[in-house]
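Below, each chain spelled out in residue letters.
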Amino acid sequence: MSDATIFARATGAGRAAITILRVSGPKAGPILEAIAGRLPPPRLASLRTLRHGTDVLDHAVVLWLPGPRSYTGEDGFELHLHAGPAIEHDVADALVTLGARPAEPGEFTRRAFTHGRIDLLQAEAIADLIEAETSAQRRQALTQGDGALSRLYDDWAQRLRTILAHQEALIDFPDEDLPPEVEARLLTGIADLRAQMDAHLNDGHRGELVRRGISIVIAGAPNAGKSSLLNVLAGRDAAIVTDRAGTTRDAISVTLDLGGQRAVITDTAGLRETEDAIEAEGIRRAMFHVKQADLVVHLYTEPDRPAPLADVPVEDVLTVCNKTDLHPAPDGVLGISATTGAGLGALQAELAIRVTRLTHSAGAAPLTRARHRAGITEARDALAEAERAAWPELRGEALRVAMRALGRLTGAVGVEDLLEAVFGSFCIGK
Ligand SMILES: Nc1nc2c(ncn2[C@@H]2O[C@H](COP(=O)(O)OP(=O)(O)OP(=O)(O)O)[C@@H](O)[C@H]2O)c(=O)[nH]1
Ligand SMILES: [K+]
Ligand SMILES: [Mg+2]
């Protein structure tokens, strides 16, 4: 399978000036010679006439990218073709005739991982970078792609290896006069490492929040203007607005860029006692979203008093008074009018501040996926186990469990079963 030479379009579909085809694998050199005449100098753009037999396919810029200093680590090349369906399929036909096959989704990056060009955390970062919609997501993906998280986990793995070596020495030479500090130092080392993992896990899910977006839910009494607020924030008529209380039933979400952060804002059914079964279901869903939210905008109108939201910590709630064109907001409450737009700038600024507070990173690289959280949790639990272990052999075994959990995070050990999940989410051509 990895002997195959693969190709895919690296640029998007649709009308464009050029289409880039990427080729990678052992036959890349011979194939490029066959269609471009001879190999251009490595990594320099060269203009060539591409031929399939006597048929002229295109005049194109060609890049010869010999391994191992290529993206995949294999020999490869790029063809910068004039964009056009006929050119693309005739060039693809030529590549197939010469022994290449179309790539599977994520196959280029998977090869980069297999050839040791990147680890699993960096592969995930490449997927995140392509998906990034906001500046914060882009920055986070670039940091992880540069290996910030890999270095942290590799450093921990290195320290664990030293601890394990000392532990083996204690097991192998129980009767020798090893200085008593050896065991004491070993236990301190384990405790330190566990504390660092705890701090890393206990980060308020910053990295995961940046990656998936902050969830902001608009909740409140019927007719407070929740759907109107969603629409002005989104800049379009996403939700139905009428003067009838109980208009919204299904939760409606839109994605926003709030000061460079991705936020998903959800409008919900107005909260009240009701006999209507459909409205009651809408309210049940509203409460579900409110409980899951990272931040709740509790909207109300004067002179009604906002009833406190059950099950939501106050620090996660921003109370906002709407319809200030009719009744002014009381002192100390953020007032807006979804109709006139008054106060909306201040609301957006406040939301951006809250979102930044939720995602603020104190410098260290944050974990960004549930996979990372599960792996570090496993390693941390194993270290706690090692601290409690009554026998040196049990302690050694727990330390090895922690090592394996860290190794699986970077892909250094036993990850065959994980690769489909990681690379299956890529697009073709990456
Ligand atoms: N004067 C004034 N009217 C507003 C304002 N915001 C919303 N409205 C009106 O208030 C009514 C209810 O607005 P909606 O956005 O449907 O309120 P809602 O909270 O989504 O209501 P439900 O979905 O029924 O819970 C509509 O007639 C809106 O036009 C405002 O700032 N000022
Ligand atoms: K309404
Ligand atoms: Mg509504």
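Note that the structure is predicted; figures quoted are calculated from it, not measured.

A. Up close: the overall build of the protein. Across its full length, the protein holds 14 helices and 12 strands. At 29 Å, the protein has a C-alpha radius of gyration far larger than the 22 Å of a compact globule built from 430 residues. Projected onto its principal axes, the C-alpha coordinates of the protein cover approximately 80 × 80 × 35 Å. The long-range fraction of contacts in the protein, counting pairs at least 24 apart against all pairs at least 6 apart in sequence, stands at 60%.

B. Highlighting the sheet that holds strand β6 (residues 100–102). Strand order in the open sheet formed by 6 strands is β3-β4-β5-β2-β1-β6, and the pairing between neighbours is mixed. Because the sheet does not close on itself, it has two edges, and the strands there are β3 (46–52) and β6. Looking at each pair of strands side by side, their axes are set apart by 35 degrees on average, direction ignored. Across 4 bridges, strand β1 (residues 5–9) lies against strand β2 (residues 18–24) in antiparallel orientation. Within β2, the position partnered with Arg-9 by the bridge is Leu-21. Strands in contact with helix α1 (residues 28–36) are β1, β2, β3, β4 (55–65), β5 (76–82) and β6; relative to β3, the strand with the most contacts, it is inclined by about 85 degrees. Those strands touched by helix α2 (residues 85–97) are β1, β2, β3, β4, β5 and β6, and its axis lies near 70 degrees from that of β4.

C. How the structure looks around the sheet that holds strand β7 (residues 214–220). Ordered in space as β8-β9-β7-β10-β11-β12, the 6 strands form an open sheet in which the pairing is mixed. Two strands in the sheet have a free side with no partner beyond their single neighbour: β8 (252–258) and β12 (334–335). Bridge count for strand β11 (residues 317–322) against β12 is 2 bridges, and the pairing is parallel. By the bridge assignment for β12, Cys-321 is matched with Gly-335.

D. Structural detail: the packing of helix α6 (residues 148–172) against helix α13 (residues 392–410). Relative to each other, α6 and α13 sit at 160 degrees, their axes nearing to 10 Å. Between α6 and α13, the interaxial angle falls into the category roughly antiparallel. Crossing of α6 against α13: the hand is left-handed. Between α6 and α13, the residues in contact are Ser-150, Tyr-153, Asp-154, Trp-156, Ala-157, Leu-160, Ile-163, Leu-164, Gln-167, Glu-168, Leu-170 and Ile-171 and Pro-392, Glu-393, Arg-395, Gly-396, Leu-399, Arg-400, Ala-402, Met-403, Leu-406, Gly-407, Leu-409 and Thr-410, respectively. Looking at the contact of α6 with α13, its residues break down into 14 nonpolar, 5 polar and 5 charged.

E. Here's a closer look at the nonpolar core. Residues Leu-160, Ala-402 and Leu-406 are the most contacted members of the largest nonpolar core, which totals 61 residues. Per-element accounting of this core gives the leading share, 7 residues, to α13. Both of domain 1 (5–103) and domain 2 (121–203 + 369–423) provide at least three residues apiece to this core. Setting aside its immediate chain neighbours within four residues, Ala-402 contacts Leu-160, Ala-379, Ala-382 and Leu-383. Grouped together as the second largest cluster of nonpolar side chains are 37 residues, Leu-209, Ile-214, Ala-239 and Val-290 included.

F. Examining the UniProt feature "binding site: Mg(2+)" (unreviewed entry) in the protein more closely. UniProt records the feature "binding site: Mg(2+)" (unreviewed entry) at Ser-227 and Thr-248, using the numbering of this structure. Annotated residues spanning 22 residues; largest pairwise C-alpha distance 7.6 Å, indicating a single compact cluster. When you line up the elements, Ser-227 lands in helix α9 (residues 226–234). With sequence-adjacent residues up to four places away left out, Ser-227 is seen in contact with Ala-239, Ile-240, Val-241, Thr-247, Thr-248 and Asp-267. Mapped onto the fold, Thr-248 is located in the loop between α9 and β8. Note on Thr-248: 22 C-beta atoms within 10 Å, which makes it buried. Those residues within four positions of Thr-248 in sequence are excluded, and the remaining contacts are Lys-226, Ser-227, Ala-239, Ile-240, Asp-267, Thr-268, Ala-269, Gly-270 and Gly-282.

G. The domain arrangement of the protein, seen in detail. Once the domains are mapped, the protein shows domain 1 (5–103), domain 2 (121–203 + 369–423) and domain 3 (210–359). The distance between the C-alpha centroids of domain 1 and domain 3 comes to 52 Å.

H. How the structure looks around the site of ligand 1. Taken together, the neighbourhood of ligand 1 is formed by 23 residues, with Gly-225, Ser-227, Ser-228, Thr-248 and Gly-270 sitting nearest. Top contributing element to the shell around ligand 1 by residue count: α9, with 3 residues. Of the residues belonging to the shell around ligand 1, the class tally is 7 nonpolar, 12 polar and 4 charged.

I. Structural view of helix α12 (residues 370–388). The first and last C-alpha atoms of α12 sit 27 Å apart over 19 residues, in line with the 27 Å expected at 1.5 Å per residue. Along α12, the residues that are buried comprise His-372, Gly-375, Ile-376, Ala-379, Arg-380, Ala-382, Leu-383 and Ala-386. Each buried residue of α12 lies within a common arc of 160 degrees when the element is viewed along its axis, so the set occupies one face. Away from its buried face by more than 90 degrees, α12 exposes Ala-370 and Arg-388. Where α12 is buried, its residues touch α7 (181–201) and α13.

Definitions and cut-offs
Residues numbered from 1 in each chain as written. Chains lettered and ligands numbered in written order. Predicted model: local features only at pLDDT ≥ 70, side-chain atom pairs only at ≥ 80, totals over all residues. Helix = DSSP H or I, 4+ residues; strand = E, 2+ residues; numbered from the N terminus. Rg over C-alpha atoms; globule rule 2.2 N^0.38 Å. Contact = placed C-beta atoms within 7 Å. Pairing = 2+ DSSP bridges. Axes fitted to C-alpha atoms, helices over the stretch in contact; angles between N-to-C directions. Parallel < 35°, antiparallel > 145°, perpendicular 65-115°, else oblique. Left-handed = near helix turned anticlockwise from the far one by under 90°. Nonpolar A, V, L, I, M, F, W, Y, C, P; charged D, E, K, R; others polar. Core = buried A, V, L, I, M, F, W, Y, C linked by C-beta atoms within 7 Å. Buried ≥ 20, exposed ≤ 12 C-beta atoms within 10 Å, placed from the backbone. Domains from an automatic or database assignment. UniProt positions renumbered as here; feature names shortened; annotations may be inferred. Near = placed C-beta within 6 Å. Expected span 1.5 Å × (residues − 1). Arc of directions from axis to C-beta.

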